[in-house]
Amino acid sequence: IIIYGIIRHYMASHQLLNSHSFSVDVKKLGAIKTIAKKIAKSCRGGEVIYLTGDLGAGKTTFVQYLARALGVRPVVNSPTFLVMKEYQSKNLTLIHADCYRIQTLDDVASTGLLDNIGMTNMICAIEWPEKVAELENYPHLHLKIVFGDKSRTLLIERHGDDAVYKRWWKGIVS
């Protein structure tokens, strides 16, 4: 099954795991950029992306590529100490959040992030969402980045069956 015909030359392998997830083995960083472009192209607003992986796995790099593909012009950098940064593209607002230093849903709420999740004019990219277990209850696309010896594996899962996520998923895997 070819999931990303456009980027298959970057990949060692890719595998559709089920109707809600697939994995991609990435040999070059350029493949992450291409995946970010594919995801951005399918964004209409209201989407939420959770990014997990070890320190240095490429979470912020993915968000930088996503932002550029959305038309964001300022340089995107890690919001670790600010928790949340907002970037404007032509039509959408990208919220980039980092929950590494967050421990509770109340902490997340105090940043204003919960007010932005699912808003129709926004896309939220959240690093370290696993630090706050309650975030799992929100519909999202989960992008897990795993280091290998000479490559990275991206596991992409859809968590949400509403119309926004079904449409988005269809655009990503087509």
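Residues numbered from 1 in each chain as written. Predicted model: local features only at pLDDT ≥ 70, side-chain atom pairs only at ≥ 80, totals over all residues. Heavy atoms only, no water.

Participant: Give me the lowdown on the overall build of the chain, citing residues and values where you can.
Facilitator: Broken down by element type, the chain carries five helices and eight strands. When the helices and strands of the chain are read in sequence order from the N terminus, they spell out β-β-α-β-α-β-β-α-α-β-β-β-α. Looking at the chain as a whole, 47% of its 174 residues are labelled buried. Long-range contacts, defined as pairs at least 24 residues apart, comprise 60% of the intrachain contacts of the chain with a sequence gap of at least 6. (Helix = DSSP H or I, 4+ residues; strand = E, 2+ residues; numbered from the N terminus. Buried < 20%, exposed > 50% of the residue type's maximum accessible area, 1.4 Å probe, protein only. Contact = heavy atoms within 4.5 Å.)

Participant: Hey, could you go over the packing of helix 1 (residues 29–41) against helix 2 (residues 59–70) for me, with residue numbers and the actual values?
Facilitator: To characterise two packed helices, one gives the angle between the axes of the helices and the distance between these axes. The interhelical angle for the contact between helix 1 and helix 2, taken along N-to-C directions, is 45°, at an axis separation of 8 Å. With respect to helix 2, the axis of helix 1 lies oblique. Between helix 1 and helix 2 lies a crossing of right-handed hand. Across the interface between the two elements, L29, I32, K33, I35, A36, K37, I39 and A40 of helix 1 pack against F62, Y65, L66, A69 and L70 of helix 2. (Axes fitted to C-alpha atoms, helices over the stretch in contact; angles between N-to-C directions. Parallel < 35°, antiparallel > 145°, perpendicular 65-115°, else oblique. Left-handed = near helix turned anticlockwise from the far one by under 90°.)

Participant: Hey, could you go over helix 2 for me, with residue numbers and the actual values?
Facilitator: Its twelve residues place the ends of helix 2 17 Å apart at the C-alpha level, agreeing with the 16 Å of an ideal helix rising 1.5 Å per residue. For helix 2, the elements touching its buried residues are helix 1, strand 3 (48–53), strand 5 (93–98), strand 6 (122–127) and strand 7 (140–147). One or two steps after helix 2, the chain reaches G71, where phi turns positive at roughly 95°. (Expected span 1.5 Å × (residues − 1).)

Participant: Any chance you could break down the pairing of strand 2 (residues 21–26) for me, citing the residues and the numbers?
Facilitator: When you tally the buried positions in strand 2, you get five out of six residues, the bulk of the element. Note that strand 2 and strand 8 (residues 152–159) share six bridges and pair antiparallel. Note on strand 8: the bridge partner recorded for V24 is L154. (Pairing = 2+ DSSP bridges.)

Participant: Please give an account of the confidence of the model for the chain that cites residues and values.
Facilitator: In the predicted model, the chain carries a mean pLDDT of 84, and the fraction of residues at 70 or more is 89%. Scored below 50 in pLDDT, residues 1–14 makes 36 contacts in the model with residues more than four places away or belonging to other chains. (pLDDT = per-residue confidence, 0-100.)

Participant: Lay out the environment of V146 in plain terms, naming residues and giving numbers.
Facilitator: Looking at the secondary structure, you find V146 in strand 7. Sequence separation between V146 and A57 is 89 residues, and the spatial gap between their C-alpha atoms is 6.8 Å. The residues contacting V146, other than those within four sequence positions of it, are S151, R152 and T153.

Participant: Could you give an account of the environment of E127, with specific residues and numbers?
Facilitator: Relative to the elements of secondary structure, E127 occurs in strand 6. Residues E127 and L51, spaced 76 residues apart in sequence, show a C-alpha to C-alpha distance of 4.7 Å. At 2.6 Å, the side chain of E127 and the side chain of H96 are in polar contact. (Polar contact = N/O pair within 3.5 Å; in protein donor to acceptor, adjacent residues only side chain to side chain.)

Participant: Give me the lowdown on the nonpolar core, citing residues and values where you can.
Facilitator: Residues I39, F62, L66, L94, L113 and I126 are the most contacted members of the largest nonpolar core, which totals 50 residues. No other element matches helix 1, which puts six residues into this core. Residues contacting F62, with those up to four places away along its chain left out, are I32, I35, A36, I39, I49, L51 and L143. (Core = buried A, V, L, I, M, F, W, Y, C linked by side-chain atoms within 4.5 Å.)

Participant: Please provide a residue-by-residue account of a positive patch on the surface, values included.
Facilitator: On the surface, K33, K37, R68 and R73 cluster together to form a positively charged patch. With relative accessibility at 44%, the residue R68 sits in the partly exposed group. (Patch = residues over 30% accessible without salt bridge, like charges linked within 9 Å, V, L, I, M, F, W, Y side chains within 5 Å. Areas by Shrake-Rupley, 256 points an atom, 1.4 Å probe, with all protein chains shown as cover. Salt bridge = Lys/Arg side-chain N within 4 Å of Asp/Glu carboxyl O. Lys, Arg positive; Asp, Glu negative; His and termini not counted. Charge placed at Lys NZ, Arg CZ, Asp CG, Glu CD.)

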